[in-house]
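# Commentary on secondary and tertiary structure
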Amino acid sequence: MPHLVDILNGPNLNLLGQREPEIYGRDSLADIEAACRALAGELGLDIRFRQSNSEGTLVDWIQEARTSAAGIVINPAAYSHTSVALLDALSACECPVIEVHLSNIHRRESFRHHSYVSARADGVIVGCGAQGYDLALRRLARLIDG
Ligand code: DQA
């Protein structure tokens with residue numbers, strides 16, 4: 001059976017493609033999901049691709065992943081910079097976690113330079129645009145294979 005990987009997306013990422021395209025690119029979240037599904041097929045992974053604007057929903061999904069997923073890719077968006085709750089939920093998971101940011105958060109405002117989630121992430125990919133999800137899935141597949 002293919003391993004299940006959760007790809008979780010935080011607030012405002014539903015607006016990708018329309019929202020500040022000079023920062024986040026022209027791909028929509030649906031485009032990114034389609035690319036992830038195609039790659040997951042090649043890597044022998046099953047994916048569950050989700051987005052929420054609500055911190056509590058993301059915590060619930062991480063808790064669901066804790067008992068059902070072999071790995072997590074997460075773009076926590078603005079909650080990266082504020083949420084101890086997401087860090088705690090991820091810390092309760094034993095599976096590998098890769099954090100993704102489309103933009104290079106270190107080249108932007110100083111409040112974006114710190115991510116709570118990075119303290120738990122096994123890898124962090126920033127500034128690679130939509131390709132960051134591709135890189136994250138490849139890394140996760142390697143970590144899952146051991
Ligand atoms: C983001 C970076 C965050 O600082 C921002 O709040 C986002 C998106 C990114 O993918 O570059 O919403 O996570």
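Structure: see above.
Okay, so let's go over this structure. (Residues numbered from 1 in each chain as written. Predicted model: local features only at pLDDT ≥ 70, side-chain atom pairs only at ≥ 80, totals over all residues. Heavy atoms only, no water.)

## Quick word on helix α3 (residues 55–68)
A rise of 1.5 Å per residue sets the reference length of α3, with its 14 residues, at 20 Å; its end C-alpha atoms lie 20 Å apart and thus fit the reference within 8%. Within α3, the full set of buried residues consists of Leu58, Val59, Trp61, Ile62 and Ala65. Projection of α3 onto a plane perpendicular to its axis shows the buried side chains occupying an angular sector of 165°, all on one side. Looking at the buried residues of α3, the elements they touch are β1 (3–9), β2 (45–51), β3 (71–75) and α4 (84–91). (Helix = DSSP H or I, 4+ residues; strand = E, 2+ residues; numbered from the N terminus. Expected span 1.5 Å × (residues − 1). Buried < 20%, exposed > 50% of the residue type's maximum accessible area, 1.4 Å probe, protein only. Arc of directions from axis to C-beta. Contact = heavy atoms within 4.5 Å.)

## A short note on the layout of surface pockets
Its volume calculated, the largest pocket comes out at about 160 Å³. Lining of the largest pocket is provided by 14 residues; of these, Arg19, Tyr24, Ala77, Ala78 and Arg112 occupy positions nearest its centre. For the lining of the largest pocket, the residue count by class is seven nonpolar, four polar and three charged. (1 Å grid on protein atoms, 1.4 Å probe; cavity = no way out; pocket = protein on both sides within 12 Å on 5 of 7 lines; lining within 4 Å. Points joined across faces, edges and corners; volume = space filled by probe spheres on them. Nonpolar A, V, L, I, M, F, W, Y, C, P; charged D, E, K, R; others polar.)

## Comments concerning the nonpolar core
Residues Val5, Ile7, Cys36, Val73, Tyr133 and Leu137 are the most contacted members of the largest nonpolar core, which totals 26 residues. Secondary structure elements with two or more residues in this core: β1, α2 (29–43), β2, β4 (97–101) and α5 (131–145). With six residues, α5 is the largest single contributor of residues to this core. When near neighbours in sequence (up to four residues on either side) are disregarded, Tyr133 contacts Ile7, Asn9, Leu13, Ile32, Cys36, Val73, Asn75, Val100 and Leu102. In this structure, Val59, Trp61, Tyr79 and Val97 belong to the second largest nonpolar core, which totals 17 residues. (Core = buried A, V, L, I, M, F, W, Y, C linked by side-chain atoms within 4.5 Å.)

## A few points about the side chain of Asn9
Along the chain, the position of Asn9 falls in strand β1. Judged by its relative accessible area of 0%, Asn9 is buried. A polar contact of 2.6 Å, which involves the side chain of Asn9, links it to the side chain of Tyr133. Not counting the four nearest positions on each side in its chain, Asn9 is found in contact with Leu29, Phe49, Arg50, Gln51, Ser52, Leu58, Asn75 and Tyr133. (Polar contact = N/O pair within 3.5 Å; in protein donor to acceptor, adjacent residues only side chain to side chain.)

## Focus: the side chain of Ser52
Structurally, Ser52 can be placed in the loop between β2 and α3. Only 2.9 Å separates the side chain of Ser52 from the backbone nitrogen of Ser54, close enough to count as a polar contact. Dropping the residues within four chain positions of it, Ser52 is found in contact with Asn9, Gly10, Pro11, Thr57, Leu58 and Trp61.

## Description of the pattern of salt bridges
In the structure shown here, the tally under the stated rule is eight salt bridges. A salt bridge links Arg48 to Glu64; the nearest nitrogen and oxygen atoms lie 3.6 Å apart. Of this pair, Arg48 sits in strand β2 while Glu64 sits in helix α3, placing them 16 residues apart in sequence. For Glu64, a relative accessible area of 32% translates into the label partly exposed. Glu109 serves as the salt-bridge partner of Arg108, at 3.8 Å between the closest nitrogen and oxygen. Residue class for Glu109 comes out partly exposed when judged on its relative accessible area of 34%. Overlapping salt bridges, with partners in common, bring together Asp6, Arg48, Arg50 and Glu64 in one network. (Salt bridge = Lys/Arg side-chain N within 4 Å of Asp/Glu carboxyl O.)

Shape descriptors only; they carry no functional weight alone.
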